[in-house]
Amino acid sequence: MIDLFALFLMLLSASTPILFAALGELVTERAGVLNLGVEGMMIVGALAGFAAAHHTGNPFLGFAAAALAGALIALPFAALTQFLLANQVASGLALTLFGLGLAALFGKPMEGVKAPAMSPGPLGLNWIVWLGLLMVPTIWWFLNRSRAGLILRGVGENHDAAHALGYDVRRVRIAAIAFGGAMAGVGGAFISIATVLQWTEGMTAGAGWIALAIVVFSNWTAPGVLAGAWLFGGVTVLQLRLQAAGVRVPVQLLSMAPYLATIIVLVAISARQKYSRRAGGTAPGSLGQDFHALR
Amino acid sequence: MTDAAVFRARGIGKSYPGVRANDDVSFAVDPGEIHALLGENGAGKSTLVKMIYGLVRPDDGHMELNGQPHQPTDPRAARAAGVAMVFQHFSLFDALTVAENIALGMENPPPQRALSARIAQVSQDFGLPLNPARRVVTLSAGERQRVEIIRCLLQNPRLLIMDEPTSVLTPQEAELLFATLRKLADGGTAILYISHKLEEIRTHCDRATILRGGRVVDSCDPRAHSARTLAAMMVGGEMRAIDRSGRQAGEVLLQVRALTQAAPTAEGTALKGVTLTLRAGEILGIGGVAGNGQDELLAALSGEIRGASGTILLEGADLSRLGPEARRAAGLLAAPEDRLGHAAVPDFSLADNTLLTAGARKGLVRKGLIDHPAARAFAADIIRAFDVRTPGSGTAAKALSGGNLQKFVIGREVMQAPRVLVVNQPTWGVDAGAASAVRQSLLDLARQGAGVIVISQDLDELLELSDRFCALNEGRLSDPVPTAGLSLDQIGLMLGGAHGMEVAHL
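Per chain, residues are indexed from 1 in the order of the written sequence. Starting at A for chains and at 1 for ligands, labels are handed out in the order in which the entities are written. Note on the predicted model: pLDDT of at least 70 is required for a residue's local features to be given, and 80 or more for side-chain atom pairs to be given and counted; whole-chain, interface and lining totals, by contrast, use all residues. The side-chain numbers reported here are obtained from all heavy atoms of the structure, hydrogens and water having been left aside.

## Re the overall build of chain A
When helices and strands are tallied, chain A shows 11 helices and zero strands. Traced from its N-terminal end to its C-terminal end, chain A shows the element sequence α-α-α-α-α-α-α-α-α-α-α. C-alpha atoms define the radius of gyration, and 2.2 Å times the number of residues to the power 0.38 defines the globule rule. Computed over C-alpha atoms, the radius of gyration of chain A comes to 19 Å, within 12% of the 19 Å expected from 2.2 N^0.38 for 295 residues, which places it in the range of a compact globule. For chain A, the spread of C-alpha atoms along the principal axes amounts to about 60 × 45 × 35 Å. Per-residue burial for chain A yields a buried fraction of 53% across its 295 residues. Only heavy atoms enter the contact rule, under which two residues are in contact if any of them lie within 4.5 Å. Of the contacts formed within chain A by residues at least 6 apart in sequence, a portion of 79% connects residues at least 24 apart. Exposure was quantified through the Shrake-Rupley algorithm and a 1.4 Å probe, taking into account, for residues, occlusion by the shown protein chains and nothing else. As presented, chain A carries roughly 12600 Å² of accessible surface, and 72% of it is formed by carbon and sulfur atoms. Of note, chain A has its 16 positive side-chain charges centred 8 Å away from the centre of its 10 negative side-chain charges. Strands are runs of DSSP state E lasting at least two residues, helices are runs of H or I lasting at least four, and both sets are numbered from the N terminus onward. Classification of residues uses two cut-offs on accessible area relative to the type maximum, computed with a 1.4 Å probe and protein chains only: under 20% is buried, over 50% is exposed, and between them is partly exposed. For the charge count, each Lys or Arg is scored as positive and each Asp or Glu as negative, with His and the chain ends excluded. By convention, charge coordinates are those of NZ in Lys, CZ in Arg, CG in Asp, or CD in Glu.

Given below as structure tokens:
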């Protein structure tokens, strides 16, 4: 019983980076923007957060810096897609590649440095884990209950109608992209500052892609994102446990498990047509489409 | 001339690159008046109302609302000044609920619960039943329009703009709409009503301002003129009368027998036991409110969706299991509703677009190679025969206006001399001149002995063209009735089942 509880606490930690990134991407996609640059924004956040934490000695300042860096690196993507109407898929992929390369370049001096210690919060869990859990109801409330959230959903659902009603589609989307970047940055920094405790190149290891998959899995809802993050966090913890227990399964197969689970879940979802909009699916109607107003 | 008018425009002008959309437009709308704005597509109606609603800024001239200068910088400012607008293409958010949609159209919406109560109140006052908690995607076209109208009514507008509101409604739904508008007008609201349905304007509007080429050409009392004279003012010349002569029903060409098909997509409609017979020289009209299986029926006939064997027979030969190319070769051709993207590839030139359907029948493809000169020549033939206004066959399809592209798409099929032609919404969003050209070409085709099926939501068009009429309702096709002597009311009842009508009569 106690072991199960400890396992659950481990799961909470393991799912935090994905939870942050996926919540950010959820808000971005609800505004109608598909940003495939999550992985790139995470790794930039991981490096910037780690560097700031190391230099100031304060891990919390590190997370603040990670959020800022994530939002900043997302801005070129916003400019490309919102002003120059560049293709969102291509721009997002470019952002990932750019982020990975940038972090590798500026991360060299950080290699081999240890992260400053962080005082744990309640239940011995990192404060950021609690922050992530708090973000779930907050974002749910924002999207479903607040006026600003309604406007954001409106922009994502039908940007032409939102424009016709007088809402500034571009401004809403840029804000959503920046928020998504900040959340991905914090998610990445959690890996470097709180999990691995050091900087290594490419340390996000595909977490950004899993976050993107979870947004689809969640049917674009905040509780769904939490469920998805826990599912993949759970698979990750389980495979680590199995490795530690010396189960006679090749390590490579075990490490593969979270990614394999992503693919299987996505295939299962799209096989059923449950997410048709009439049946209550909430894929934003203008997701990934360019918006251009004639004045 | 003292200002009792709610809205007044003086010398409004607006240019886009290469186009003068509005030029020196002046008119006024009085309180309690239903004022029609008439004109062909491209006459500048939409640009004009967009300026009033703050979506577009005029280059010159000025507007007044209630005697105050009206220079809205965005729709919010226009709404604050008392202007409300119901759009031609609904500006609704499908995945959101009715209440959320309405809240988005208001400046300071009350909390959800209070808003729902107010929606219920207004919908009761005006006889427009609506459930605030329903998601818009589940509503019929008539109900969606109610959402837009209630969104406007909650702002107590001084000026209500309606942009072609009846194009998607059944006759009964349209009557309900006019009753609502009249009630509003009697309360002192000024209504600016855009349409090119002349009959409806004649019966319901108090005054009409007619636009042509961006300028006001006339202003009149529409009740004092015939639809013909109004059309002549719009077009700036006599309308060519439609010639229905010289056709007689011949042998049976097409038979559809108990065609049943599951919905191709989650949003689609299943076809349920569709049965019809089409004779040579005959035009069969199929009416119905959008989303009742029109697209699916066209796809089933064209071969995009293949049916069970024995369901579709052309001159006795079973085509049910064949794809579109084979059906075209056999003489069954189709022109779908969506011009840009379905009937034509937007970025292809007109010449390349002919290859999409005419490759086999016109010999434009030989041994797998494209005969470009032949394709260009065929495109040029269509352009000439159908008076398509375009620089030439090398122009991209997307550069053509809706009416011109529609003439091209219909022309491409008609000029292949099909045995049977199926068209869906042949004149949707097409101005009066082009529409009458398209209709005449369908009649001419039937006169030459082909069978034509016209699927349309425009009942006037169906009455004008077809010899027999069927209604398509939730994927079921009614038995055909002869069109001669059929009234709009009877058709409305045939379309009947149209969602929400029972509720609407409460």
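## So, the overall build of chain B
Of the regular secondary structure elements, chain B holds 17 helices and 23 strands. In terms of C-alpha radius of gyration, chain B reaches 24 Å, essentially the compact-globule figure of 23 Å for 506 residues. The dimensions of chain B, computed from C-alpha atoms along their principal axes, are 70 × 45 × 40 Å. Within chain B, the fraction of its 506 residues that count as buried is 55%. Expressed as a percentage of contacts within chain B between residues at least 6 apart in sequence, the contacts between residues at least 24 apart total 67%.

## Considerations on the side chain of His159 of chain A
Relative to the elements of secondary structure, His159 of chain A occurs in helix α7 (residues 159-164). Those residues within four positions of His159 of chain A in sequence are excluded, and the remaining contacts are Gly154, Val169, Arg173, Ser286, Gln289, Asp290 and Phe291 of chain A.

## Some thoughts on the UniProt feature "transmembrane region" (unreviewed entry) in chain A
Residue and element names in this part refer to chain A. UniProt tags residues 31-53, 60-79, 85-106, 127-143, 174-197, 209-233 and 253-271 as "transmembrane region" (unreviewed entry). From the first C-alpha to the last, residues 31-53 spans 32 Å; its make-up is 70% helix and 0% strand. Annotated as residues 85-106, this span is 86% helix and 0% strand, and its ends, taken at the C-alpha atoms, are 30 Å apart. UniProt positions are given in the numbering used here, feature names are shortened, and annotations may be inferred rather than shown by experiment.

## Some details on the sheet that holds strand β1 (residues 7-16) of chain B
Working definition: the strands of a sheet are paired by backbone hydrogen bonds and lie parallel or antiparallel to each other. All names here are of chain B. Strand pairing is assigned whenever DSSP identifies at least 2 bridges connecting the two strands. Within the open sheet, the four strands sit side by side as β2-β1-β4-β5. Their pairing is antiparallel. Of all the strands in the sheet, just β2 (19-29) and β5 (68-69) have a single pairing partner and so form its edges. Sheet topology places β1 next to strand β4 (residues 60-65); five bridges connect them, and they run antiparallel. The partner of Arg10 across the bridge, within β4, is His62.

## Thoughts on the environment of Leu72 of chain A
Residue and element names in this part refer to chain A. Among the secondary structure elements, Leu72 is positioned in helix α3 (residues 59-83). What makes Leu72 exposed here is its relative accessible area of 52%. Separated by 106 residues in sequence, Leu72 and Ala178 have C-alpha atoms that sit 7.2 Å apart.

## Observations concerning the domain arrangement of chain B
You'll often see interface size given as the accessible area lost when the parts meet. Either an automatic procedure or a domain database provided the assignment from which the domain bounds are taken. Per the domain assignment, the segments making up chain B are domain 1 (7-235) and domain 2 (252-348 + 401-504). Between the C-alpha centres of domain 1 of chain B and domain 2 of chain B there is a distance of 31 Å.

## Details of the state of the cysteines
Count a disulfide wherever a pair of cysteine sulfur atoms falls within 2.5 Å. Across all of its chains, the model carries zero disulfides over all chains by this definition. This cysteine, Cys220 of chain B, is not joined by any disulfide, and Cys205 of chain B carries the nearest cysteine sulfur, 11 Å off.

## A look at α3 of chain A
Residue and element names in this part refer to chain A. To estimate how far a helix should reach, multiply one less than its number of residues by 1.5 Å. With 25 residues, α3 ought to run about 36 Å at 1.5 Å a step, and its terminal C-alpha atoms sit 36 Å apart, in line with that. One axis fitted to the seven residues ending at a residue, another fitted to the seven starting there: the angle between these axes is the bend at that residue. The largest bend in α3 amounts to roughly 25 degrees and is located at Phe77. We call two N or O atoms a polar contact when they sit within 3.5 Å, provided that within protein one can donate a hydrogen and the other can accept it, with sequence-adjacent residues counted only if both atoms are side-chain atoms. The opening residue of α3 is Asn58, an N-cap whose side-chain oxygen sits 2.8 Å from the backbone nitrogen of Phe60.

## So, the packing of helix α5 (residues 127-145) of chain A against helix α6 (residues 147-157) of chain A
All names here are of chain A. Lines fitted to C-alpha atoms define the axes, with helix axes restricted to the stretch in contact, and inter-axis angles between N-to-C directions lie between 0 and 180 degrees. Two numbers describe how α5 lies on α6: the axes approach to 5 Å, and their chain directions differ by 70 degrees. In terms of orientation, α5 and α6 fall into the roughly perpendicular class. When α5 is examined against α6, the residues Phe142, Leu143, Asn144 and Arg145 are found in contact with a partner set consisting of Arg147, Ala148, Gly149, Leu150, Leu152 and Arg153. Taken together, the residues of the contact of α5 with α6 sort by class into five nonpolar, two polar and three charged. An angle below 35 degrees is read as roughly parallel, one above 145 as roughly antiparallel, one from 65 to 115 as roughly perpendicular, and any other as oblique. Each residue gets one of three labels, nonpolar for Ala, Val, Leu, Ile, Met, Phe, Trp, Tyr, Cys and Pro, charged for Asp, Glu, Lys and Arg, and polar for the others, Gly among them.

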